[in-house]
Amino acid sequence: MTADDFRAIALSLPEAVEIGHMGHPDFRIGKKIFATLGYPDDDHGMVKLMPDQQALFMEKYPAIFSPSKGKWGLGGSTLVHLPKAKPKAVRDAMILAWRNLASPALNAKLG
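Residues numbered from 1 in each chain as written. Predicted model: local features only at pLDDT ≥ 70, side-chain atom pairs only at ≥ 80, totals over all residues. Heavy atoms only, no water.

Draft legend 1. Spatial organisation of the layout of surface pockets. By volume, the largest pocket is sized at about 360 Å³. At the level of secondary structure, the elements contributing two or more residues to the lining of the largest pocket comprise strand E3 (32-37) and strand E4 (44-48). Classifying every residue of the lining of the largest pocket by side-chain character gives five nonpolar, five polar and one charged. (1 Å grid on protein atoms, 1.4 Å probe; cavity = no way out; pocket = protein on both sides within 12 Å on 5 of 7 lines; lining within 4 Å. Points joined across faces, edges and corners; volume = space filled by probe spheres on them. Helix = DSSP H or I, 4+ residues; strand = E, 2+ residues; numbered from the N terminus. Nonpolar A, V, L, I, M, F, W, Y, C, P; charged D, E, K, R; others polar.)

Draft legend 2. View of the packing of aromatic side chains. In total, this model carries four aromatic pairs according to the counting rule given. Feature note: the residues Phe-57, Tyr-61 and Phe-65 constitute an aromatic cluster, connected by ring pairs. (Phe/Tyr/Trp six-rings, centres within 6.5 Å; stacked < 30°, edge-to-face > 60°.)

Draft legend 3. Summary view of the sheet that holds strand E2 (residues 24-29). The strand order across the open sheet formed by six strands is E1-E2-E3-E4-E6-E5, and the pairing between neighbours is antiparallel. Edge positions in the open sheet fall to strand E1 (16-21) and strand E5 (65-67), since each of these has one partner strand only. Neighbour-to-neighbour, the strand axes of this sheet turn through a mean angle of 30°, independent of strand direction. Alignment of E2 against E3, held across four bridges, turns out to be antiparallel. In the strand pairing of E3, Phe-27 is matched with Ala-35. Together, E2, E3, E4, E5 and strand E6 (77-81) form the strand contacts of helix H4 (residues 87-101), whose direction differs from that of E3 by roughly 155°. (Pairing = 2+ DSSP bridges. Axes fitted to C-alpha atoms, helices over the stretch in contact; angles between N-to-C directions. Contact = heavy atoms within 4.5 Å.)

Draft legend 4. Looking closely at helix H1 (residues 3-11). Those residues of H1 lying buried are Phe-6, Ile-9 and Ala-10. All buried residues of H1 lie within an arc of 100° about the axis, which places them on one face of the element. If you follow the buried residues of H1, they end up packed against E1, E2, E3, E4, E6 and H4. (Buried < 20%, exposed > 50% of the residue type's maximum accessible area, 1.4 Å probe, protein only. Arc of directions from axis to C-beta.)

Draft legend 5. Summary view of the pattern of salt bridges. On inspection of all chains with the given rule, the structure shows five salt bridges. Put simply, Asp-4 and Arg-7 hold a salt bridge, and the shortest N to O gap is 3.1 Å. Here Arg-7 and Asp-4 lie together in helix H1, a separation of three residues that amounts to about one turn. Using a relative accessible area of 22% as the deciding quantity, one classes Arg-7 as partly exposed. Linking Arg-28 and Asp-26 is a salt bridge whose minimum nitrogen-to-oxygen distance equals 2.8 Å. By relative accessible area, Asp-26 is classed as buried at 0%. Each of the salt bridges in this network shares a partner with another, and the network as a whole consists of Asp-4, Arg-7 and Glu-18. (Salt bridge = Lys/Arg side-chain N within 4 Å of Asp/Glu carboxyl O.)

Spatial relationships are all this shows, so hold off on functional conclusions.
Shown next as structure tokens:
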């Protein structure tokens, strides 16, 4: 998976926008970040999952998903290793990250 593939998945979600933040792109619903690119380096993205969701993705896809460092990782911030990532796995994780922050009305748009 490339950064452009990751970006395309993020921007395919209803009302998702890309905004630069701290030197790398992030993807938001309103003011809430659900994913980023380029952290901690160009081979990674991040999806903001709940800790239990993070654990499931890390168990199922250990070569793709890992926790971010420190408290961010403990809170569900999950790194995506792009060179090993499979589009379906990333899309599934990205949808969960988006759903975690989207309003009920916006969630209904995704089905």
